[in-house]
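Below are the chains, spelled out letter by letter.
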Amino acid sequence: TDGCGTKVKLAMVMDKHDTIGIDAVAMCVNDIACAGGEPLFFLDYIACGKNYPEKIATIVSGVAEGCVQSDAALIGGETAEHPGLMQEDEYDLAGFAVGVVEEEKMVNGSKVQEGDVIVAIPSSGAHSNGFSLLRKLFTDFSEEFNGKTIGEHLLTPTKIYVKPIQKVMEKVQVNGMAHITGGGFIENVPRTIPDGLCANIEKAKVKVHPLFKHEAFSRVPEEEMWGTLNM
């Protein structure tokens, strides 16, 4: 179960609500994929200050798209109005997913061994973590950068890795996986490695997403970049 963090605040500021649902699905099903699992079904929970049916339908359309991308069934959800607790135009979005994997096929890091190769799968952008930092770094979301506005870059939905990972697992034995969310590389990668081993990642070989080369990031210490963002 997971949410999209403060990325929803950006969706509200931009008044663009059709992709944030993909993020909600991604944050749940990518974790299932990391265990070698296959997502079965998903439920969404939307809390809002006032129920505007068209806006809620737009949000849920993104949830449905995320479920299509991950082959999960959208079997239900809840929309709760919280007047007085939230402003009328505010909302929060969370989700819950169930997946399945045969016990002997679970990927939990216990089989990781010396000499294993680490493969980095590219991100689609900032995904759904680090947005409290990103909203401090960027104030002009209409600024053009690499052919898109900053707002478009930041609202690019989280990549759903379920199908690519399933294809990889058909071809090779995967011993451990890390979903680079809150805590970045620094916190997430070590969780997948048994005691006595470490990951040797050559930073120069990580093809950093173009977004993170924006001059705004020059104000952020390098360790914080790798410990907050998926890069």
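The structure we're discussing is the one just above.
In what follows, the accompanying structure is described. (Residues numbered from 1 in each chain as written. Predicted model: local features only at pLDDT ≥ 70, side-chain atom pairs only at ≥ 80, totals over all residues. Heavy atoms only, no water.)

## What about the overall build of the protein chain?
Step number 1: The number of helices and strands found in the protein chain is eight helices and six strands.
Step number 2: Counting from the amino terminus, the protein chain carries its helices and strands in the arrangement β-α-α-β-α-β-β-α-β-β-α-α-α-α.
Step number 3: On the principal axes, the C-alpha backbone points of the protein chain span a range of 55 × 45 × 30 Å.
Step number 4: Of all 231 residues assigned to the protein chain, the portion counted as buried reaches 44%.
Step number 5: Across the protein chain, contacts joining residues at least 24 apart in sequence account for 81% of those joining residues at least 6 apart.
Step number 6: As displayed, the protein chain has an accessible area near 12,600 Å², and 52% of this comes from carbon and sulfur atoms.
Step number 7: Positive and negative side-chain charges in the protein chain, numbering 20 and 33 respectively, have mean positions lying 5 Å apart. (Helix = DSSP H or I, 4+ residues; strand = E, 2+ residues; numbered from the N terminus. Buried < 20%, exposed > 50% of the residue type's maximum accessible area, 1.4 Å probe, protein only. Contact = heavy atoms within 4.5 Å. Areas by Shrake-Rupley, 256 points an atom, 1.4 Å probe, with all protein chains shown as cover. Lys, Arg positive; Asp, Glu negative; His and termini not counted. Charge placed at Lys NZ, Arg CZ, Asp CG, Glu CD.)

## Some words on the side chain of His-209
Step number 1: With respect to the secondary-structure elements, His-209 resides in the loop between α7 (184-188) and α8 (222-228).
Step number 2: Not counting the four nearest positions on each side in its chain, His-209 is found in contact with Ser-123, Ser-124, Gly-125 and Met-231.

## Considering the sheet that holds strand β3 (residues 73-81)
Step number 1: Strands sit in the order β1-β4-β2-β3 across an open sheet of four strands; the sheet is mixed. Since the sheet does not close on itself, it has two edges, and those belong to β1 (2-3) and β3, each with one partner.
Step number 2: Pairing of strand β2 (residues 38-48) with β3, which is carried by eight bridges, proceeds in the parallel orientation. The residue bridging Ala-47 from the neighbouring strand is Ala-80, located in β3. (Pairing = 2+ DSSP bridges.)

## Remarks on the environment of Leu-154
Step number 1: Assignment of secondary structure puts Leu-154 in helix α5 (residues 150-155).
Step number 2: Taking C-alpha positions, Leu-154 is 9.8 Å from Phe-138, a pair spaced 16 residues apart along the chain.

## Some points on the state of the cysteines
Step number 1: Enumeration according to the criterion identifies zero disulfides in this entry.
Step number 2: Free of any disulfide, Cys-28 has its nearest neighbouring cysteine sulfur in Cys-4, separated by 8.5 Å.
Step number 3: In this model Cys-67 remains outside any disulfide bridge; the closest cysteine sulfur is found in Cys-28, 9.6 Å from its own. (Disulfide = S-S within 2.5 Å.)

## Let's talk about the nonpolar core
Step number 1: Counting 38 residues, the largest nonpolar core has Tyr-91, Phe-138, Leu-154 and Phe-217 as its most contacted members.
Step number 2: Broken down by secondary-structure element, the contributors of at least two residues to this core are α1 (7-14), α2 (20-34), β2, α3 (53-70), β4 (91-100), α4 (131-137), α5 and α8.
Step number 3: In contact with Phe-138, not counting residues within four places along its chain, are Ile-150, Leu-154, His-214, Ala-216 and Phe-217.
Step number 4: In this structure, Ile-22, Ile-32, Cys-67 and Met-177 belong to the second largest nonpolar core, which totals 18 residues. (Core = buried A, V, L, I, M, F, W, Y, C linked by side-chain atoms within 4.5 Å.)

## What about unusual backbone geometry?
Step number 1: Not every positive phi belongs to a glycine, and His-127 is a case in point at roughly 55°.
Step number 2: Mapping His-127 onto the fold places it in the loop between β4 and α4.
Step number 3: Positive phi is not limited to glycine here, since Met-231 has a value of about 60°.
Step number 4: Residue class for Met-231 comes out buried when judged on its relative accessible area of 7%.

## Looking at a nonpolar patch on the surface
Step number 1: On the surface, Val-117, Val-119 and Ile-121 cluster together into a nonpolar patch covering about 320 Å² of accessible area.
Step number 2: With a relative accessible area of 71%, Val-117 lands in the exposed category. (Patch = residues over 30% accessible without salt bridge, like charges linked within 9 Å, V, L, I, M, F, W, Y side chains within 5 Å. Salt bridge = Lys/Arg side-chain N within 4 Å of Asp/Glu carboxyl O.)

## Section: the pattern of salt bridges
Between side chains of opposite charge, a pair can form when the charged atoms approach closely.
Step number 1: All told, the structure shown has six salt bridges when counted by the stated rule.
Step number 2: A salt bridge links Lys-205 to Glu-202; the nearest nitrogen and oxygen atoms lie 3.6 Å apart.
Step number 3: Under the relative-accessibility criterion, Glu-202 is labelled partly exposed at 48%.
Step number 4: Residue Lys-203 pairs with Glu-222 through a salt bridge whose shortest N-O separation is 2.8 Å. Note that Lys-203 is positioned in the loop between α7 and α8 and Glu-222 in helix α8, a separation of 19 residues in sequence.
Step number 5: In this structure Glu-222 comes out as partly exposed when scored by relative accessible area, which is 48%.

## What about the packing of α2 against α3?
Step number 1: In the contact formed by α2 and α3, the axes pass within 6 Å of each other and the chain directions differ by 40°. Looking at the two axes, α2 sits oblique to α3. α2 and α3 meet at a crossing whose hand is right-handed. From α2, Ile-20, Gly-21, Ile-22, Val-25 and Val-29 reach across to α3, where they touch Ile-59, Gly-62, Val-63, Glu-65, Gly-66, Cys-67, Gln-69 and Ser-70.
Step number 2: Residue composition of the contact of α2 with α3, grouped by class: seven nonpolar, five polar and one charged. (Axes fitted to C-alpha atoms, helices over the stretch in contact; angles between N-to-C directions. Parallel < 35°, antiparallel > 145°, perpendicular 65-115°, else oblique. Left-handed = near helix turned anticlockwise from the far one by under 90°. Nonpolar A, V, L, I, M, F, W, Y, C, P; charged D, E, K, R; others polar.)

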